[in-house]
Amino acid sequence: MIKTIAVIEGDDAAPEAMRPVVQLLDSLNMGLEWTYPEVGEVAEERTGSAFPPAAKAMIDRADSTFFGSTSGKTGVALNYLRWGKETYANVRPCRYLPGCASPLAQPDGIDFVIVRENLEDLYVGVEGPLEDLAPLNLTGRTIRKPVHQVGEGRFAIKAITREGTERVVRFAFELARKRNGKRKLTCATKHNMLRGTDGFFLEVASGLAADYPDVAFESFIIDDFACRMIREPQKYDVVVMPNQYGDILSDAAGGLVGSLGLAASGCFGDDYAYFEPAHGTAPDIAGRNIINPTAAMLSATMMLDYLGFEAQARQIEAAVARVYAEGVALTPDQGGEASTTAFCAAVGRAL
Ligand code: ATP
């Protein structure tokens, strides 16, 4: 079974995490082929476009894309992977591996997944000056005059659709089934303040619960959930939420277990998925070979699952867990002194 993976290494320190992970996967000889679409500044210099048609075609031909974090012009490719491919479910696991530098006194047993709606909410990208809203003459619940008369200011559209909510919530219910752990889905929204949008998200989610009688369903106001996630993270299994909350809370969840450098991520649509570490490009540590590649490595194991290499994915996860348990080849964000390369070599040996 040959599978093709398009690799976009990303910017700043991201390639330093991506390259050794690709090497590690490649060394397992499981029939993976790697292609490298040229995007961003390099592509722009050569072709005049930061995302030339050849790069798009390579992504389309590949079975999946492995994406390093980007800043700047590589982002066009990311927009294509996300909105172009309609990858609506951003899956961000939060699992504590003994040996990781969690700030919690009792992090053992943390194992939940945030499923973040990935396309809608405030990220539809419609913003503008308040005065543009004059023709609508909108009055809110809390202000006493039409919103365009409040003064100079800006607005952003928060869009929550039935279809967009249904598909991500169904994805989350199915994931709770597949994980076969606590079989629980938690929905977190700000439905008390944003009744029309978050209230709608919750209404749609609650309505679907009847289709999944084997999965317990509960909901919390997002700020309450944020507190619960820190106080009792072991209680959660799968948590679904609108885009912006998921963006923020999944980074916070990465902090709970030790670092953003541990936070893996996969974005799933109905017919495509891409995988990327949840952290940014870490520009402050670029060129030093100390970026923690765990997030990239665990994103890669999610990709292996998606491509049907479950056994290899479990082996890599077990090897990563062993390296953390041994605690001798950890990167500086985890309190160690090992380089990125040394960490990956240790995982290779554990394999
Ligand atoms: P973005 O806006 O793209 O999320 P950012 O600069 O806000 O980017 P990150 O790039 O994630 O955020 O970096 C935040 C901090 O976390 C930086 O100090 C960075 O060095 C650190 N960091 C992020 N990822 C890792 C990693 N994999 N290993 C070690 N440190 C990391």
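Refer to the structure presented above.
Residues numbered from 1 in each chain as written. Predicted model: local features only at pLDDT ≥ 70, side-chain atom pairs only at ≥ 80, totals over all residues. Heavy atoms only, no water.

Peer 1: Help me out: how do you make sense of the site of the ligand in this one?
Peer 2: Close contacts around the ligand come from Leu-260, Gly-261, His-279, Gly-280, Thr-281, Ala-282, Asp-284, Ile-285, Ile-291, Asn-292 and Asp-333, and that covers them all. With respect to the ligand, the backbone of Thr-281 contributes an N or O atom lying 3.1 Å from an oxygen atom. Within the contact set of the ligand, an oxygen atom lies 2.7 Å away from a backbone nitrogen or oxygen of Ala-282. Alone, the ligand offers 610 Å² of accessible surface; in the complex the protein occludes 59% of this. (Near = heavy atom within 4 Å. Polar contact = N/O pair within 3.5 Å; in protein donor to acceptor, adjacent residues only side chain to side chain. Areas by Shrake-Rupley, 256 points an atom, 1.4 Å probe, with all protein chains shown as cover.)

Peer 1: So what exactly am I meant to see when it comes to the side chain of Glu-120 here?
Peer 2: Residue placement: Glu-120 occurs in the loop between strand 5 (111-117) and strand 6 (127-129). No salt bridge forms around the buried Glu-120; measuring N to O, its nearest opposite-charge neighbour Arg-167 is 5.3 Å away. Within the local environment of Glu-120, its side chain forms a polar contact with the side chain of Thr-161, the two groups lying 2.5 Å apart. (Helix = DSSP H or I, 4+ residues; strand = E, 2+ residues; numbered from the N terminus. Buried < 20%, exposed > 50% of the residue type's maximum accessible area, 1.4 Å probe, protein only. Lys, Arg positive; Asp, Glu negative; His and termini not counted. Salt bridge = Lys/Arg side-chain N within 4 Å of Asp/Glu carboxyl O.)

Peer 1: How do you make sense of helix 6 (residues 198-208) when you look at a structure like this?
Peer 2: In an α-helix there are 3.6 residues to a turn, and that puts residues three or four apart on one side. In terms of burial, helix 6 is largely enclosed, as eight of its 11 residues are buried. All of the buried residues in helix 6 are Asp-198, Gly-199, Phe-200, Phe-201, Leu-202, Val-204, Ala-205 and Leu-208. In this structure, the buried side of helix 6 is in contact with strand 5, helix 5 (162-179), strand 8 (184-189), strand 9 (216-221), strand 10 (238-241) and helix 8 (243-257). (Contact = heavy atoms within 4.5 Å.)

Peer 1: Which parts of the structure should I look at to understand the pattern of salt bridges?
Peer 2: Two side chains of opposite charge can pair, provided their charged atoms sit close to one another. Under the definition given, this model contains 23 salt bridges. Here Asp-237 ties to Arg-179 by a salt bridge, and the two come within 2.9 Å at their closest N and O atoms. Taken together, the residues span a long stretch of sequence, with Asp-237 in the loop between helix 7 (222-231) and strand 10 and Arg-179 in helix 5 at a distance of 58 residues. Residue Asp-237 is classed as buried on the basis of its relative accessible area of 1%. Take Arg-179: its relative accessible area is 28%, and that puts it in the partly exposed class. Between Asp-223 and Lys-190 there is a salt bridge whose closest N-O contact spans 2.9 Å. Placement of the pair is Asp-223 in helix 7 and Lys-190 in the loop between strand 8 and helix 6, with a sequence separation of 33 residues. Taking the relative accessible area as the measure of exposure, Asp-223 reaches 44% and is therefore partly exposed.

Peer 1: Mind showing me how you'd approach the environment of Thr-65 here?
Peer 2: Within the element layout of this structure, Thr-65 appears in strand 3 (residues 64-67). Residues Thr-65 and Phe-112, 47 residues apart in the sequence, show an inter-C-alpha distance of 24 Å. Contacts of Thr-65, omitting those with residues within four sequence positions, involve Ala-6, Ile-8, Ile-59, Leu-81, Tyr-272, Ala-273, Tyr-274, Phe-275 and Met-303. At 2.8 Å, the side chain of Thr-65 and the side chain of Tyr-272 are in polar contact.

Peer 1: Would you mind showing me how to read the sheet that holds strand 8 here?
Peer 2: Two modes of strand pairing occur in sheets, parallel and antiparallel, and in both the strands are linked by backbone hydrogen bonds. Strand order in this open sheet of 10 strands is 2-1-3-12-11-4-5-10-8-9, and the pairing throughout is mixed. The sheet is open, and its two edges are formed by strand 2 (32-35) and strand 9, each paired on a single side. Between one strand axis and the next, the sheet turns by 25 degrees as a mean value, whatever way the strands run. Where strand 5 lies against strand 10, four bridges are found, and the strand directions are parallel. Following the sheet pairing, Arg-116 is matched in strand 10 by Met-241. Each of strand 1 (3-8), strand 3, strand 5 and strand 12 (273-275) touches helix 4 (residues 75-84); the most contacted strand, strand 3, lies at about 140 degrees to it. Those strands touched by helix 6 are strand 5, strand 8, strand 9 and strand 10, and its axis lies near 165 degrees from that of strand 8. (Pairing = 2+ DSSP bridges. Axes fitted to C-alpha atoms, helices over the stretch in contact; angles between N-to-C directions.)

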